[in-house]
Amino acid sequence: MPRLFVTGGCGFIGSNFIRQLLNSDPNVHITNFDALTYAGNLANLADVANNPRYSFVKGDITNRADVMTALEENADGLIHFAAESHVDRSILDSGPFVRTNVIGTQVLLDAARAKKVKRYVQVSTDEVYGSLGATGLFTESTPLSPNSPYSASKAAADMLVMSYVHTFGMDAVITRCSNNYGPYHFPEKLIPLFITNLMNDRQVPVYGDGMQIRDWIYVTDHARGVEAAWRNGKHGEVYNFGGRCEMLNIRLTELLLELLGKPKSLIKYVQDRPGHDRRYAIDCSKAERELGWQPLVKFEVGLKDTIAWYQANQAWVNQVRSGEYLKYYETQYGTR
Ligand code: NAD
Ligand code: TYD
């Protein structure tokens, strides 16, 4: 009967992780602790809301008292997804990133120690490694060299986690994954923004020359990786996950136009993101070797499924785009 405390489970990856694990392990019990920021949507888990092995607690990870109340003694795992996650927002205002990603992580680490959580999993990102040139891959021993306030806050959090491993002997592992895509992805990130714009014949803003490279992974593959790190990872280790799927942003944009049957005139080149990282690409051979994990979803298949999901879930898209989903909590649980 593993009992997990998951933070940020109402976001994109956390909600996919919770759904997948409740379905694949009939014994697991999950408490989802989420502040319901603009990126947190209860509708993302509406289908499991009444599952007796699932419960939701609204709370902020920077609030020590709330975390201590919600976190049970001797939980089998604390899986930490909650974060401010969008690079462009971190450029506009880094404050919430330092608060949630750094201070929130510190609060969770202290709470996990105090409550004797059996294993702590820090869900981090490949962006902590910085940017690659034309060749080479990020490995777990690539030095941390973050370039955006977002990635700097995630790197700081990773360092705190490693300090708790070293100083207190805490059982923690860190996962670092490349760019995810799939259902329930908030339409501010490239793939869901472009799909939802193109569905409405709106232009898509390509930053700079569009020659940046990202390594795409389907969200359920990442979720399986996080589960594998929790179950089989080694104390104090870092595991990279990636899709072995590097693609130029402009090539990806053209592919989306092609799959949605839209004209190239909908591409709009706009001013580049300040400090824009040029290339990310992950060496995930350690996770393959040591965790028996592999990315399973081929990009062409995953991308088609993702487009089909957005087309079939127009009500979700409209709710998110209009901000209506932010009121959903009140109808379910009373005043927010
Ligand atoms: P997201 O922005 O979709 O969701 C974040 C969730 O965290 C939301 O539900 C939000 O309400 C919650 N949250 C934010 N601040 C909180 C706080 N102070 N207290 C409690 N909950 C709070 O993010 P995502 O894309 O699902 O990413 C999840 C994690 O995975 C993040 O840690 C991110 O850094 C990491 N990651 C993301 C990607 C990616 O491609 N999206 C890739 C690698 C790693
Ligand atoms: P994003 O989805 O924000 O993820 P990240 O910055 O964490 O990699 O962006 C993916 C890539 O797409 C990145 O190189 C920035 C670029 N991009 C655009 O060109 N236009 C956009 O509107 C967005 C959101 C991103």
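Everything here concerns the structure above.
The structure presented is a predicted model; accordingly, all values stated were derived computationally and were not measured. (Residues numbered from 1 in each chain as written. Chains lettered and ligands numbered in written order. Predicted model: local features only at pLDDT ≥ 70, side-chain atom pairs only at ≥ 80, totals over all residues. Heavy atoms only, no water.)

**Q** Whenever I open this one, the site of ligand 2 confuses me. Can you help?
**A** Taken together, 18 residues lie near ligand 2, and Glu127, Pro205, Arg214, Arg273 and His276 sit nearest. At 2.9 Å from an oxygen atom of ligand 2 is found a side-chain nitrogen or oxygen belonging to asparagine 249. Compared with its free state, where it exposes 510 Å², ligand 2 has 96% of that area covered by protein. Residue assignment for the shell around ligand 2 shows that the elements contributing at least two residues are α6 (190–199) and β8 (204–207). Each residue belonging to the shell around ligand 2 can be placed in one class, and the counts come to 8 nonpolar, 5 polar and 5 charged. (Near = heavy atom within 4 Å. Polar contact = N/O pair within 3.5 Å; in protein donor to acceptor, adjacent residues only side chain to side chain. Areas by Shrake-Rupley, 256 points an atom, 1.4 Å probe, with all protein chains shown as cover. Helix = DSSP H or I, 4+ residues; strand = E, 2+ residues; numbered from the N terminus. Nonpolar A, V, L, I, M, F, W, Y, C, P; charged D, E, K, R; others polar.)

**Q** What is the right way to read α6 from this model?
**A** In terms of burial, α6 is largely enclosed, as 9 of its 10 residues are buried. Buried residues of α6: Ile191, Pro192, Leu193, Phe194, Ile195, Thr196, Asn197, Leu198 and Met199, and no others. Just past α6, the residue aspartate 201 takes up positive phi, approximately 55°. (Buried < 20%, exposed > 50% of the residue type's maximum accessible area, 1.4 Å probe, protein only.)

**Q** Whenever I open this one, the sheet that holds strand β9 (residues 213–218) confuses me. Can you help?
**A** Hydrogen bonding along the main chain pairs the strands of a sheet, whether they run parallel or antiparallel. Taken in spatial order, the 3 strands line up as β7-β9-β11 in an open sheet, and their pairing is mixed. Two strands close off the open sheet at either side, each with one partner strand: β7 (179–181) and β11 (246–248). Direction aside, neighbouring strands of the sheet carry axes that sit 50° apart on average. Alignment of β7 against β9, held across 3 bridges, turns out to be parallel. (Pairing = 2+ DSSP bridges. Axes fitted to C-alpha atoms, helices over the stretch in contact; angles between N-to-C directions.)

**Q** When you look at the nonpolar core in this model, what are you seeing that I'm missing?
**A** One recurring pattern in soluble globular proteins: nonpolar side chains tend to sit buried together. Core analysis: the largest hydrophobic core is formed by 67 residues, its most contacted members being Leu4, Phe17, Ile79 and Tyr120. Discounting chain neighbours no more than four positions away, the residues touching phenylalanine 17 are Leu4, Val6, Ile79, Phe81, Ala223, Val226 and Glu227. Counting residues in hydrophobic clusters, the runner-up holds 33 residues, among them Ile250, Leu255, Val320 and Tyr325. (Core = buried A, V, L, I, M, F, W, Y, C linked by side-chain atoms within 4.5 Å. Contact = heavy atoms within 4.5 Å.)

**Q** I'm lost on the packing of aromatic side chains in this one. Help?
**A** Ring pairs (aromatic) are described by centroid distance and by the angle formed between their planes. The tally for this structure, following the rule as stated, stands at 17 aromatic pairs. Through a chain of ring-to-ring contacts, three or more aromatic side chains come together here, namely Tyr181, Trp216, Tyr218 and Phe299. Across from the ring centre of tyrosine 280, 3.9 Å away, lies the NZ or CZ of arginine 214, which sits over that ring. The ring of tyrosine 239 carries lysine 286 above its face, with NZ or CZ at 4.9 Å from the centroid. (Phe/Tyr/Trp six-rings, centres within 6.5 Å; stacked < 30°, edge-to-face > 60°. Lys NZ or Arg CZ within 6 Å of the ring centre and 35° of its normal.)

**Q** Whenever I open this one, helix α7 (residues 219–232) confuses me. Can you help?
**A** Along an α-helix, residues three or four positions apart point the same way, because every turn accommodates 3.6 residues. An ideal rise of 1.5 Å per residue puts 20 Å on 14 residues; α7 measures up with 20 Å between its terminal C-alpha atoms. For α7, a buried count of 10 out of 14 residues is recorded, marking the element as mostly surrounded by other parts of the structure. Among the residues of α7, Val219, Asp221, His222, Ala223, Gly225, Val226, Glu227, Ala228, Ala229 and Trp230 are the ones counted as buried. (Expected span 1.5 Å × (residues − 1).)

**Q** Explanation requested: the pattern of salt bridges in the structure shown.
**A** Oppositely charged side chains can pair when the atoms bearing their charge come close. Under the criterion given, the structure shown has 18 salt bridges. Here aspartate 60 and arginine 99 are joined by a salt bridge, their closest N and O atoms 3.4 Å apart. Placement of aspartate 60 in the loop between β3 (54–58) and α2 (64–70) and of arginine 99 in helix α4 (residues 95–114) is noted, with a sequence separation of 39 residues between them. Since its relative accessible area comes to 38%, arginine 99 is described here as partly exposed. When the shortest N-O distance is used, the salt bridge between aspartate 171 and arginine 119 registers 2.8 Å. (Salt bridge = Lys/Arg side-chain N within 4 Å of Asp/Glu carboxyl O.)

**Q** How should I be thinking about the site of ligand 1 in this particular structure?
**A** For ligand 1, the set of nearby residues contains 28 residues, the closest of which are Ile13, Asp34, Ser85, Tyr150 and Lys154. One of the backbone nitrogen or oxygen atoms of isoleucine 13 is found 2.8 Å away from an oxygen atom of ligand 1. Leucine 36 has a polar backbone atom sitting 3.5 Å from an oxygen atom of ligand 1. When ligand 1 sits alone it has 840 Å² of accessible area, and the protein chains cover 97% of it. Elements represented by at least two residues in the shell around ligand 1 include exactly α1 (12–24), β5 (120–125), α5 (149–168) and β7. Classifying every residue of the shell around ligand 1 by side-chain character gives 13 nonpolar, 12 polar and 3 charged.

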